Amino acid sequence: MALMVLPLLGPVSVSESLVALATLCVVYLLLQLQRKKIPEGLSPLPGPKPLPIIGNVLEVGNNPHLSLTAMSKRYGPVYQVQIGTRPVVVIGGNEVVRQALIKQGEDFSGRPDLYSFGFINDGKSLAFSSDQAGVWRARRKLALSALRSFATLEGESPEYSCALEEHISKEGLYLVERLTSVMKQDGSFDPFRHIVVSVANVICGMCFGRRYSHDDQELVSLVNLSDEFGQVVGSGNPADFIPFLRFLPSKTMKKFVDLNNRFNAFVQRIVHQHYDTFDKDNIRDITDSLIDHCEDRKLDENSNVQVSDEKIVGIVNDLFGAGFDTISTALSWSVLYMVAYPEIQEKLHQEIKEKVGLERTPRLSDKADLPYLEAFILEIFRHTSFLPFTIPHCTTKDTSLNGHFIPKDTCVFINQWQVNHDTDLWKDPSSFCPDRFLTADGTELNKLEGEKVMIFGMGKRRCIGELIGRSEVFLFLAILLQRLQFSALPGESPDMTPEYGLTMKHKRCQLYACARTEAQG
Ligand code: HEM
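An unreviewed UniProt entry lists the protein chain under the name Cytochrome P450 1A, with Chanos chanos as the source organism. Listed in UniProt under the heading Catalytic activity (unreviewed entry), the comment for the protein chain reads: "an organic molecule + reduced [NADPH--hemoprotein reductase] + O2 = an alcohol + oxidized [NADPH--hemoprotein reductase] + H2O + H(+)".

Structure (structure tokens):
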């Protein structure tokens, strides 16, 4: 974390530093005075002793998923660290995570009002804002129903089971074409650069009824900047926890704010075009259906919750943002693992060759016949744990967990990485082994094992795009594996070190792909 703090500090004068220091001392003393009394029968949370002002920032370091997992061995499955001046409860044990998010789901369903979250979707994000519970619930319900109806909408042509399958299938085939032509032209390709445009096109199709060319500079530059977004909103961003940092010049924060402004402007422009051409009798996409909803004012009749039009139509911003970065990261890691484990890549291709054949494009309904591919995807989710923490949570009232008192409005980190690497849950968790998700005879998926993987969160804040996410990862991979063979450039091996953020990505790299000559168009 010390290293994470440094880039945030620009040139600062002595007087500025003194003012900041004095302010911090006052804030620190006020916080100490505000500490709540612990009710009888409950104990305080264990955890490392914080230093004044910076708290446990140095121990948390640059890879909070690893350091906080290690701390859990010392302090137990639920404990407290202090990041800057703010106490944060860390929950990492499988049972305790379930207890907090499912059995006591309501108590842990809030979002903290973190500084960086205020820039996302103009502070009106469904996923990141600390909206009042009723408003968040109403928006979430609306978002879920919009996604569900568009994901299950009939495709244009009868060969597809639904519009979602049609979008993914077409984009998957474009991606194969694109990678083939980039290979011809450049001799290598950057996996994230191309995958992210294809995945963004699927969610653009659903949200905005349009797709973009792989050469569209606006879309390409916007979606390729998602690393910078994730680095700031990942659990433990110093400026969110050490208040004076936000008053100091920071290149990272400036880039983050610019990126959010560009993203909002991009979505706003499309939303305005939708308002201009809106026709109640021809709902074209999710944006139209949200506009329609505002017109009808049929939102959550039972709850009397007033949600502004802006917040309703703004849902599309969340869906678009969440809908491309997560899936592209999963796919890009998958390609890298195929390269790192060529024997696994071969086995995956053989399964598709035998069960689907090479003449027709794979479909979502092939899932049941491709248990090894399913097992591979689960192992990618588990082993990378590329969303190491959920989005930070916050307690909605005074509560307790494992006999420890947790006051209202406490920020909570849920360590998904720890659940996915827990030696009590997994045999040899550090090894990459898709077979762990197959039955003993290796012919079927072991669904119970699969349910232990935690990557979509759980309970009240569980990801609303899970079905779309799982479908896209499956179908894109099936299409890529059927038609292409991936490898490292001669003499190179892939660097599998993740870079910490909300979604952990691999370093940008160049890979090689060649057509499977036996696969037909
Ligand atoms: C592989 C793909 C995906 C993964 C791994 C993933 C994972 C997650 C996680 C971990 C959370 C936070 C849960 C929490 O805070 O407890 C989340 C929230 C969310 N996800 Fe996803 N996601 C994926 C795809 C998608 C897609 C495709 C969409 C939309 C089209 C989406 C929309 C959302 C939204 C709106 C939230 C916020 C929910 C809330 O705060 O109530 N996600 N996702």
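After that view, the rundown keeps rolling.
J.: Residues and numbers for the packing of helix H16 (residues 342-355) against helix H17 (residues 371-384), please.
T.: For any two helices packed against each other, the geometry is given by the interaxial angle and the distance between the axes. In the contact formed by H16 and H17, the axes pass within 8 Å of each other and the chain directions differ by 140 degrees. Overall, the two elements H16 and H17 adopt an arrangement that is oblique. Between H16, through Ile344, Lys347, Leu348 and Glu351, and H17, the contact on the second element is made entirely by Pro371, Tyr372, Leu373 and Phe376. Across the contact of H16 with H17, the residue classes tally to six nonpolar, no polar and two charged.

J.: So what's going on with the coordination of the iron atom of the ligand? Which residues, and what values?
T.: For the iron atom of the ligand, the protein supplies a single donor, Cys463 (SG), at a distance of 2.3 Å. In this fold, Cys463 is placed in the loop between helix H19 (447-451) and helix H20 (466-483).

J.: How would you explain the pattern of salt bridges if you had to name every residue and give the values?
T.: Within the structure shown, the criterion is met by 26 salt bridges. Measuring nitrogen to oxygen at the nearest pair gives 2.5 Å for the salt bridge that ties Lys311 to Asp131. Separated by 180 residues along the polypeptide, Lys311 in helix H14 (residues 309-313) and Asp131 in the loop between helix H5 (94-103) and helix H6 (133-151) bring together distant segments of the chain. A salt bridge links Lys170 to Glu166, with the shortest nitrogen-to-oxygen separation between them at 2.7 Å. In this pair, Lys170 and Glu166 are both assigned in helix H7 (residues 163-186), four residues apart and thus about one turn of the helix distant. For Lys170, a relative accessible area of 35% puts it in the partly exposed group. Through salt bridges that share partners, Glu106, Arg137 and Lys460 make up one connected network.

J.: Break down the pairing of strand S6 (residues 411-414) for me, citing the residues and quoting the values.
T.: Of the two faces of S6, both are covered, the one formed by Cys411 and Phe413 as well as the one formed by Val412 and Ile414. For strand S2 (residues 86-91) and S6, the ladder comprises four bridges, and the chain directions are parallel. What sits directly across from Val89, in S6, is Val412. Bridge count between strand S3 (residues 393-394) and S6: two bridges; the pairing is antiparallel.

J.: How would you explain the site of the ligand if you had to name every residue and give the values?
T.: The ligand sits among 25 residues. The nearest are Arg111, Arg140, His393, Arg461 and Cys463. A distance of 2.9 Å separates an oxygen atom of the ligand from a polar atom in the side chain of Arg111. In this structure, Trp136 approaches the ligand through a side-chain N or O atom, which is 3.0 Å from an oxygen atom. Counting residues per element, the ones that place at least two in the shell around the ligand are H6 and helix H15 (315-340). Considering each element in turn, the shell around the ligand owes the most residues, five residues, to H15. Residues of the shell around the ligand, tallied by class, amount to 15 nonpolar, seven polar and three charged.

J.: Describe the sheet that holds S6, listing the residues and the values that go with them.
T.: One open sheet accounts for four strands, arranged S1-S2-S6-S3; its pairing is mixed. If you trace the sheet from one side to the other, it starts and ends with strand S1 (78-83) and S3, each paired once. Of the strands in this sheet, S1, S2 and S6 are in contact with helix H4 (residues 64-75), which crosses S1 at around 125 degrees. The strands touched by H5 are S1, S2, S3 and S6; relative to S2, the strand with the most contacts, the crossing angle is about 115 degrees.

Calculation rules
Residues numbered from 1 in each chain as written. Predicted model: local features only at pLDDT ≥ 70, side-chain atom pairs only at ≥ 80, totals over all residues. Heavy atoms only, no water. UniProt positions renumbered as here; feature names shortened; annotations may be inferred. Axes fitted to C-alpha atoms, helices over the stretch in contact; angles between N-to-C directions. Helix = DSSP H or I, 4+ residues; strand = E, 2+ residues; numbered from the N terminus. Parallel < 35°, antiparallel > 145°, perpendicular 65-115°, else oblique. Contact = heavy atoms within 4.5 Å. Nonpolar A, V, L, I, M, F, W, Y, C, P; charged D, E, K, R; others polar. Donors = N, O, S within 2.8 Å, 3.2 Å for Na, K, Ca; no water. Salt bridge = Lys/Arg side-chain N within 4 Å of Asp/Glu carboxyl O. Buried < 20%, exposed > 50% of the residue type's maximum accessible area, 1.4 Å probe, protein only. Pairing = 2+ DSSP bridges. Near = heavy atom within 4 Å. Polar contact = N/O pair within 3.5 Å; in protein donor to acceptor, adjacent residues only side chain to side chain.

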